[in-house]
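Structural features, examined
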Amino acid sequence: MESLSQQMGGLDIVAFSTSEGLEFVHFDEIKYLEADRNYTTLFLEENRKLLISKSIGQIETKLPENRFIRIHQSFTVNVTKILRYDRSENYLVLKSGEKLSVSVRKNSNLTKRFV
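Residues numbered from 1 in each chain as written. Predicted model: local features only at pLDDT ≥ 70, side-chain atom pairs only at ≥ 80, totals over all residues. Heavy atoms only, no water.

**Some words on the overall build of the chain**
- The helix and strand tally for the chain stands at three helices and ten strands.
- Reading the helices (α) and strands (β) of the chain from amino to carboxyl end gives α-β-β-β-β-β-α-β-β-β-β-β-α.
- A globule of 115 residues ought to have a C-alpha radius of gyration of about 13 Å, and the chain, at 14 Å, matches this closely.
- Expressed as lengths along the three principal axes of its C-alpha atoms, the size of the chain is roughly 45 × 25 × 25 Å.
- The 115 residues of the chain split such that 39% are buried.
- The contacts in the chain between residues at least 6 apart in sequence include a share of 36% that link residues at least 24 apart.
- Split by element, the accessible area of the chain, about 7,100 Å² in all, is 46% carbon and sulfur. (Helix = DSSP H or I, 4+ residues; strand = E, 2+ residues; numbered from the N terminus. Rg over C-alpha atoms; globule rule 2.2 N^0.38 Å. Buried < 20%, exposed > 50% of the residue type's maximum accessible area, 1.4 Å probe, protein only. Contact = heavy atoms within 4.5 Å. Areas by Shrake-Rupley, 256 points an atom, 1.4 Å probe, with all protein chains shown as cover.)

**Side note on the nonpolar core**
- Of all hydrophobic cores here, the largest spans 15 residues; its most connected members are Phe16, Val25, Ile30, Leu33, Leu42, Ile59 and Leu63.
- Not counting residues up to four positions away in its chain, the partners in contact with Leu33 are Thr40, Thr41, Leu42, Ile56, Ile59, Leu63, Phe68, Ser74, Phe75 and Thr76.
- Among the nonpolar cores identified, the runner-up in size contains 13 residues, and Ile82, Leu92, Leu94 and Val102 belong to it. (Core = buried A, V, L, I, M, F, W, Y, C linked by side-chain atoms within 4.5 Å.)

**Describing the pairing of strand E9 (residues 91-94)**
- Residue alternation in E9 divides its side chains into two sets, Tyr91 and Val93 and Leu92 and Leu94, and both sets are buried.
- Of the pairings in the sheet, the one linking strand E8 (residues 82-86) to E9 comprises four bridges and is antiparallel in character. Its bridge partner being in E9, Ile82 is matched across the sheet by Leu94.
- Hairpin connection between E8 and E9: a loop of four residues separates the two successive antiparallel strands, and Asn90 in this loop has a positive phi of roughly 55°.
- Summarising the sheet, E9 and strand E10 (residues 99-101) pair through three bridges and their orientation is antiparallel. From the neighbouring strand, Tyr91 faces E10, where its bridge partner is Ser101. (Pairing = 2+ DSSP bridges.)

**Comments concerning the packing of aromatic side chains**
- Counting across every chain of the model gives three aromatic pairs.
- Here the aromatic rings of Tyr32 and Phe43 are separated by 4.4 Å at their centres, their planes lie at 10°, and the arrangement is stacked. Of this pair, Tyr32 sits in strand E3 (residues 30-36) while Phe43 sits in strand E4 (residues 39-44), placing them eleven residues apart in sequence. The pair Tyr32 / Phe43 is uniform in exposure class, with both members buried. (Phe/Tyr/Trp six-rings, centres within 6.5 Å; stacked < 30°, edge-to-face > 60°.)

**Observations regarding the environment of Gln73**
- Residue placement: Gln73 occurs in the loop between strand E6 (68-72) and strand E7 (75-78).
- Sequence separation of Gln73 and Ser108 is 35 residues, and the distance between their C-alpha atoms is 14 Å.
- Ignoring any residue separated from it by four or fewer positions in sequence, one finds Gln73 in contact with Ala35 and Ile56.

**A look at the sheet that holds strand E5 (residues 49-52)**
- Taking strand neighbours across the sheet as the criterion, the five strands line up as E5-E4-E3-E7-E6 in an open arrangement whose pairing is antiparallel. The two strands at the open ends of the sheet, each matched to only one other strand, are E5 and E6. On average, each strand axis in the sheet is tilted by 20° relative to the strand beside it, whichever way the strands run.
- Relative to E5, E4 is paired through four bridges, and the arrangement is antiparallel. Its bridge partner lying in E5, Thr40 is registered against Ile52. (Axes fitted to C-alpha atoms, helices over the stretch in contact; angles between N-to-C directions.)

The structure is reproduced here in structure tokens:
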């Protein structure tokens, strides 16, 4: 699996092992990731979801740092999917209309990156 991921490095595609087999996902398809202990759910375009039996930190190592940012202990978001940041309420609004909480500690990472 690791060898396959390395070979696909320039294609903007990542492979994830699921209970059914391998899922090949283009970076642009990923809206955000949500952690749940040692599992991570990938929220994809067209309301698709993938449950991966790896921590969010392990999955982040496969994703390009310039496209994804950790905004909360439980959330990593694709920066190309962000519509706006509500600073007073500490949440992001995605282009899909979904709202994701931004933690106080991660708030500075977000503002430094874009301001």
